[in-house]
Amino acid sequence: LGAIAAVVAVSVLLILHPWTDDESTTEPSAHIVSDDKPTGGNFVLTGTQGKLGLSNFSGKVVLLYFGYTTCPDICPTNLGNLASAMNQLTAEEQAKVQVLMITVDPERDDQTKMDVYLPYFHPSFKGLTGTPEQIAQVAKQYGAVYQKAAIGEGALGYAVDHSAFTYLINQQGVLVTQLPHDTSGAEFVVAIRSLLKWPKHSKLKDSAYEIQ
């Protein structure tokens, strides 16, 4: 069991390196998962209490995800992993972390539906919606892509194909990195704690995600 635990711990560290600027060699480093470097930045959409933007969560590590409530598998898996991560954090750490999901299906996902859906995963998760134009702008800022896909004559009428990255934003509101769909709860914990420990690290790497 000790050997298995050691292998798992090493695997997590190999898959996900925490952040640092290039000039520093005393703190961990990380790489993004693609060559694209979205700018990120503030946005304002609609939440439970009305207008809600990234700036409302200043001082918190934000994990931003684009999905929709009738997604059959990808969204529930990723949100489940994020919930697992939150449950592994201490209460003090959880207070400094916010998971946000922006819907890519505003036609069907009104705020009421988002507010019913997300607490199934974790009570702290918040959902945001808006006009198609507003959501498209935020998606562009973060490099998320999506499009409607017909699914025949089923009750839903259509699905939404979408990218499934989780975007990590530091406590100053700066996009630091993006993590793939298959990121586990344990790997999210490593990433979150890295940003909590080194909150000012904000440099996106030029290279693709790589194991060192």
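Remember, predicted model here, so these are calculated numbers, not experimental data. (Residues numbered from 1 in each chain as written. Predicted model: local features only at pLDDT ≥ 70, side-chain atom pairs only at ≥ 80, totals over all residues. Heavy atoms only, no water.)

Engineer: What am I meant to see in the layout of surface pockets here?
Structural biologist: A water-sized probe, rolled over the atoms, reveals where empty space remains. Approximately 200 Å³ is the volume found for the largest pocket. In this structure, the largest pocket is lined by 15 residues; those nearest its centre are T48, D115, F125, K126 and G127. When residues of the lining of the largest pocket are traced back to their parent elements, those giving at least two are β2 (50-53), α4 (111-117) and β5 (126-128). Classifying every residue of the lining of the largest pocket gives six nonpolar, seven polar and two charged. (1 Å grid on protein atoms, 1.4 Å probe; cavity = no way out; pocket = protein on both sides within 12 Å on 5 of 7 lines; lining within 4 Å. Points joined across faces, edges and corners; volume = space filled by probe spheres on them. Helix = DSSP H or I, 4+ residues; strand = E, 2+ residues; numbered from the N terminus. Nonpolar A, V, L, I, M, F, W, Y, C, P; charged D, E, K, R; others polar.)

Engineer: Honestly, helix α5 (residues 132-142) in this entry has me stumped. Any pointers?
Structural biologist: Residue pairs spaced three or four apart in an α-helix point in one direction, given the helix's 3.6 residues per turn. Along α5, the residues classified as buried are I135, V138, A139, Q141 and Y142. All buried residues of α5 project into a common sector of 155 degrees when viewed along the axis, lining one side. In α5, those exposed residues whose orientation departs by more than 90 degrees from the buried face are P132, E133 and K140. Just downstream of α5 lies G143, where phi reads positive at about 80 degrees. (Buried < 20%, exposed > 50% of the residue type's maximum accessible area, 1.4 Å probe, protein only. Arc of directions from axis to C-beta.)

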